[in-house]
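# Summary of the model geometry
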Amino acid sequence: MRDRKISILLFVSFLLLLSSFLILCTWLYNYYYSDKKTVKNIPAQPLHINDSRDSILQTNSTSIKSLEKQLGNTSTRTDSIEAKLNSNLDEYYRLKLELQDILKKPVTAEELKEANEKINRLQKNIKDMRYREGTAYPVSNVNLGDVKREPSINKAAGNIEENKKEAVLFSAVEMNLSSLQTIDTDIDATGSERKILGSFVIRNSLEVKNAELMIIVIQPDGRVLQKSTWESGSFQSKQGKKIYSLKMNISNTNNESKKVSFEIPNEKFTKGSYILQVYNNGSMIGWISRVLS
Amino acid sequence: MLIGPLKKIIFFLLICFAGILTASAQNNFKLKYKNSAIYAGVEVGSKGVKMSVLEIGKNARTNGSFNILQEITVNTDFISFTQPTFHATLTEFNKLYHTAINDYKIPSERIYTAISSGVKIQAEKEKKNDWIKNLSDSFRILINEPSRKVAVIDVIEEARLSHLGIVPESKRYSTFLIDIGSGNTKGGYFPNGNINDLRLFQLTWGTKSASNEAVKRMEDDKSLASFSKQLSRVLAGPAETEIVYTVNVSGAYNMSDNIVVSGGIAWAVATLLYPELIENAVVPVTFSEIKSFTEGIVSNYPGYSDSAIVKDLTDPILDKEIIAREIKRVHQVFDQRALMSGAGLLLKIMRQFEGITEQKQFFLVKNGQVGWISAYVADNISK
C-alpha cells in the first residue's frame, strides 16, 4: 500500500516536472523567435571548427577589401563627377555675372552681340550639365551605378524645365550618423533608451525660401526608423514610394552652407549597419552608411 | 518514509507550474513599447460592447504611445432599450470583463469599465436613463465588485478624452480633432491652453447619413452615376451649409495648425492611400490627395482593390499579405458608395481648412475608436 502511494506520488511529480519543462520550452521558443526575425538557429559545429572559422574570416576579409576598393573607386568617380559639375557651375555663374555687367549699363551693338554669344554659351552649358551628367543636382557619396541606372533621367530634365523655381541645386555633405545611449528616468528608473543622431551640411547654389528635405534612416533589418507616427510618412521618389523617418524644412540663401542635425529615439536598438539618406524633390542628394554598436 | 519529502516536492512543483503558466500567459502579447503596461477597457456603446486590451507606453501622455493589442466587439444593440437587448448586453459585458481577467491575465484594478456618450444621448432622448443605472448595478452584482466604477461618459467628455488619447501633447493645443462617424461627426479643440475646456464641434452628417440622403434623392435611376450626382448635390447643398457654418462658429480655423480626422472612413482612406504605412496608426495627407482619391473611387474603383494596390508596392520589406488582408477588410466594411460618401464628406470638411497662404497639416487616424478609452485609462492611472 505504501509502495503504491510512493509510486503514485512519484508519477505525479514526474508529470508536473514534465509539464513545467514543456511550458518553459514553449515560452522560451516564443520569446526567442517572436520579435527577432534575424535570429537563426546556430547548427552544431563540426569538429574542425578552427579551419571553418579561418576560411570564413579569410572570405570576409577579401569581401570587405573588395567592397572598400569599389567604394573608393565610386567615391573617386563621384568626386570627379562632382568636380566636373562644380566647374560647369562656376562657368555658368561667371557667364551670368558677365551678362549682368553688360546689361547694367547702356549697350552698344557690339556689346549686344557679345551678350548674345554669352547667352548662347550659357544655354549650351546648362544643356550639357543636364543631359551629360543626367541630373542637375550635384551629389556626394552617391553610387555611380544608381545614377547611371536611373531610368527617368531625361524625364527629370524635362521636369526641371517646367518647374524652374524648384530646380535648386542641393547637395548634402559632411554626413554623420551615430547612436547615443540615454538614461530614461520616467516610470522605470532603470530603463535606458537609445537615440540615433544624424547631421549633414546642406549646400545650394540658389536662394531658397522654403525647401523640404526627406530624411531616411534605415536600420540593419531594412526597416525605416520613424521618429514618430506623427512626423513620419511616405513620399514619391524617382525610385518609387519611400517611407521617410522625418522631414525638415529649410531656407537657405545663395551659396550658404547650413548644418542640419536631428535625433530619432530608438527603443529597440540593434547593432549593425545603418544607412542615412537625404532626399529633396524626389531625388537623393546624399547618403552614408555607418556601423553602430 | 519517502511520502513526506515527496509531498513537499510535489507542492513545490505545483507552485512552479502555476507560476510558469501565469508568466507564459501574460507574455503572449507582442509588445510594441519598452517599459509599457497592459490595461483593458470594456465599454458599452451604441452598437454593443467592446473590449480593448491596450499597451500603454511610458510616454503615452506625451507622444500618444498606446498600442491596441486586442479588440473584441459584440453587437448587442443596447440602445433599442428592450429586455432581450438589455440581457444580451449585460451578458457580454460580464463575459468580456472575465475574458480580460481569465484569458489575458489582467488584474481587475487594471480594467476600466465605461458607458459611452452615444448610449447616454439616446437614453436621455428616450427617457431611459434608469436602464443605464440598472445595467451598471447588475454588472457590479454579477462580477461581485460592488464598488467598481462604471463611468457614464457624456459627449463633451468623450470628445475631450478622444483628443487627449489620440493627439500627442506636443500638438495638443494646435490640433482640431474631428471624428467622422456613420451617423454624425463630432470633435473639438482646446482653445484656452488647458485640457479641461474643450470647444465642441458637432455635425449631423456622417458617412451613412450622407449616403442615405443621396439614395433618397435617386428616384428610379439606381446607377452609380446617379448616386454620384445625387451625392454631389447633398454634399454641395445641406451638408456644406452646415459644415461651413459650424466650422466658422467653432473658430477652429484660426486656432489650429493641425487637423486630425478619425473614424472608420479615416481608417479606410488611410489604408487605401498609404498601404506602405500599414503599421502606422497616423498618416499625414494633403487636400489634393483626398481630392484625387474621391475622383479615383468613382472613375477607377478596381484600382483600389487589394491586388491592384499590392502590385505597385516595390519595397521588399513590406508584408504584402498583411497589407492585402487589411485592404480586403476595408472593402468588406465600406462598399464603393460608402467610400464615396465618406471621402466626399471628409473632403468637404478639409476644404474649410485648406488655405492658399496658410497651410494646415492634415492627418488621418486609424485607431481613433479606442482613443478615448486609452485616455480614460491613462487619466485614471495617474490619479
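This is a predicted model, so every value here is computed, not measured.

## Remarks on the overall build of chain B
Of regular secondary structure, chain B possesses 15 helices and eleven strands. Looking at chain B as a whole, 53% of its 383 residues are labelled buried. Per element, the accessible surface of chain B, about 17,500 Å² overall, is 53% carbon and sulfur.

## Concerning the overall build of chain A
Scanning chain A from terminus to terminus reveals five helices and nine strands. From first element to last, N terminus to C terminus, chain A shows the α and β order α-α-α-α-α-β-β-β-β-β-β-β-β-β. Within chain A, buried positions represent 35% of all 293 residues. The long-range share in chain A, meaning contacts at least 24 apart out of those at least 6 apart in sequence, stands at 68%. Accessible surface, chain A: about 18,800 Å² in total, of which carbon and sulfur atoms supply 55%.

## Observations concerning helix α10 (residues 264-273) of chain B
Among the ten residues that make up α10(B), nine are buried, leaving the element largely enclosed by the rest of the structure. All of the buried residues in α10(B) are B:I265, B:A266, B:W267, B:A268, B:V269, B:A270, B:T271, B:L272 and B:L273.

## Examining the pattern of salt bridges
All names here are of chain B. Counted by the stated rule, this structure contains 20 salt bridges over all chains. Ionic pairing is found between E295 and K291, a salt bridge with its closest N-O pair at 3.2 Å. Of this pair, E295 and K291 both sit in helix α11 (residues 287-299), separated by four residues, roughly a single helical turn. For E295, a relative accessible area of 44% puts it in the partly exposed group. One salt bridge in this structure joins R325 and E321, with 3.8 Å as the shortest N-O distance. Placement of both R325 and E321 in helix α13 (residues 320-333) is noted, with a separation of four residues, approximately one turn of the helix. Like R325, the residue E321 is exposed in the burial classification. Taken together, the shared-partner salt bridges connect K133, D137 and R140 into one network.

## Quick word on the sheet that holds strand β8 (residues 199-203) of chain B
All names here are of chain B. With mixed pairing, the six strands of this open sheet are ordered in space as β8-β7-β6-β9-β11-β10. The sheet is open, and its two borders are formed by β8 and β10 (282-285), each paired with just one other strand. For this sheet, the mean angle separating the axes of adjacent strands, direction not counted, is 20°. Relative to strand β9 (residues 258-262), strand β6 (residues 175-180) runs parallel, the two being bridged by five bridges. Counterpart to I178 in the pairing with β9 is V261.

## Some remarks on the nonpolar core
Residue and element names in this part refer to chain B. Of all hydrophobic cores here, the largest spans 67 residues; its most connected members are I290, F353 and L364. Among the elements that take part in this core, helix α14 (residues 336-351) stands out by supplying nine residues, more than any other. In this structure, V49, L69, F86 and Y104 belong to the second largest nonpolar core, which totals 29 residues.

## Looking at the packing of aromatic side chains
Residues and elements named next belong to chain B. Applying the stated criterion across every chain yields a total of 18 aromatic pairs over all chains. Centroid distance F176 to F201: 5.1 Å. Interplanar angle 80°. Geometry classified as edge-to-face. Taken as a pair, F176 in strand β6 and F201 in strand β8 lie far apart in primary sequence, 25 residues in all. Take F176: its relative accessible area is 0%, and that puts it in the buried class. Taking the centre distance of 5.6 Å and the plane angle of 50° together, the rings of F176 and F353 count as tilted.

## Looking at the pairing of β9(B)
Residue and element names in this part refer to chain B. Judged by how many residues are buried, β9 sits mostly within the fold: five of five residues are covered. Of the two faces of β9, both are covered, the one formed by N258, V260 and S262 as well as the one formed by I259 and V261. Here β9 runs beside strand β11 (residues 361-365); their pairing, made up of four bridges, is parallel. Considered in β11, the bridge of I259 is made with F362.

## Looking at unusual backbone geometry
Even without being a glycine, A:E174 presents a positive backbone phi close to 50°. Here A:E174 shows up in strand β1 (residues 170-183). The exposure class assigned to A:E174 is exposed, which follows from its relative accessible area of 58%. Positive phi values are uncommon outside glycine, yet B:F81 reaches one of about 50°. Following the sequence through the fold, B:F81 ends up in the loop between β3 (66-75) and α3 (83-103). Residue B:F81 is classed as buried on the basis of its relative accessible area of 4%.

## A few points about the confidence of the model for chain B
Looking at chain B, pLDDT values average 88 and 92% of them are 70 or higher. Confidence estimates for the predicted assembly give a pTM of 0.68 and an ipTM of 0.77.

## A look at the packing of α10(B) against α14(B)
Between two packed helices, both the angle of their axes relative to each other and the distance between the axes serve to describe the pair. Residues and elements named next belong to chain B. Two elements in contact, α10 and α14, have axes separated by 10 Å at closest approach and are oriented at 100°. In terms of their interaxial angle, α10 and α14 are classed as roughly perpendicular. Residues I265, A268, V269 and L272 of α10 form the contact with α14, whose participating residues are A338, L339, G342, A343 and L346.

## Overview of the environment of B:L313
Residue and element names in this part refer to chain B. Along the chain, L313 falls in the loop between α12 (306-311) and α13. With 38 residues separating them in the primary sequence, L313 and P275 have C-alpha atoms 8.3 Å apart. Beyond its immediate chain neighbours, meaning those up to four positions away, L313 contacts P275, E276, L318, K320 and I323.

## Observations regarding the pairing of strand β9 (residues 283-292) of chain A
Residues and elements named next belong to chain A. Where strand β8 (residues 272-280) meets β9, nine bridges bridge the pair, whose relative direction is antiparallel. If you follow L276 over to β9, its bridge partner there is I288. Taken together, β8 and the strand that follows it, β9, pair antiparallel across an intervening segment of two residues, in which N281 is found at a positive phi of about 55°.

## Topic: the environment of B:V370
Residue and element names in this part refer to chain B. Within the fold, V370 resides in the loop between β11 and α15 (371-381). A relative accessible area of 0% places V370 in the buried class. Residues V370 and I166, spaced 204 residues apart in sequence, show a C-alpha to C-alpha distance of 8.6 Å.

## Topic: the side chain of B:S117
Residues and elements named next belong to chain B. Examined against the element boundaries, S117 turns out to sit in helix α4 (residues 117-125). The exposure class assigned to S117 is buried, which follows from its relative accessible area of 3%. The contacts of S117, once residues within four sequence positions are left out, are I153, D154, V155 and E158.

Procedures and definitions
Within any chain, residue numbers begin from 1 and follow the written order of that chain's sequence. Here the convention is simple: chains get letters from A, ligands get numbers from 1, in the order in which they are written. It should be noted that, the model being predicted, local features are given only for residues of pLDDT at least 70 and side-chain atom pairs only at 80 or more, the latter also being counted only at that level, while totals for whole chains, interfaces and linings use all residues. With hydrogens and water set aside, each side-chain value is computed from the structure's full complement of heavy atoms. Runs of E in the DSSP output that reach at least two residues are strands. Runs of H or I that reach at least four are helices, and both are numbered from the N terminus. For every residue, the accessible area (1.4 Å probe, protein chains only) is compared with the maximum for its type, and the residue is labelled buried under 20%, exposed over 50%, or partly exposed between those bounds. Accessibility throughout is a Shrake-Rupley quantity obtained with a 1.4 Å probe, and a residue counts as covered only by protein chains that appear here. Here a residue-residue contact requires only that any non-hydrogen atoms of the pair lie within 4.5 Å. Put simply, a salt bridge is a Lys or Arg side-chain nitrogen that is within 4 Å of an Asp or Glu carboxyl oxygen. Any two strands with at least two DSSP-identified bridges between them are counted as paired. The axes used here are C-alpha line fits, helices contributing only the stretch in contact, and every angle between their N-to-C directions lies in the interval 0 to 180 degrees. Definition of nonpolar core: a set of buried residues of the types Ala, Val, Leu, Ile, Met, Phe, Trp, Tyr and Cys, connected through side-chain atoms within 4.5 Å. Centre distance within 6.5 Å is the pairing criterion for rings of Phe, Tyr and Trp, where only the six-membered ring of Trp is used; planes under 30 degrees apart are then read as stacked, over 60 as edge-to-face, and the remainder as tilted. Within a predicted model, pLDDT stands for the predictor's per-residue confidence, ranging from 0 to 100. Under this scheme an angle from 65 to 115 degrees is roughly perpendicular, one under 35 degrees roughly parallel, and one over 145 degrees roughly antiparallel; angles in between are oblique.

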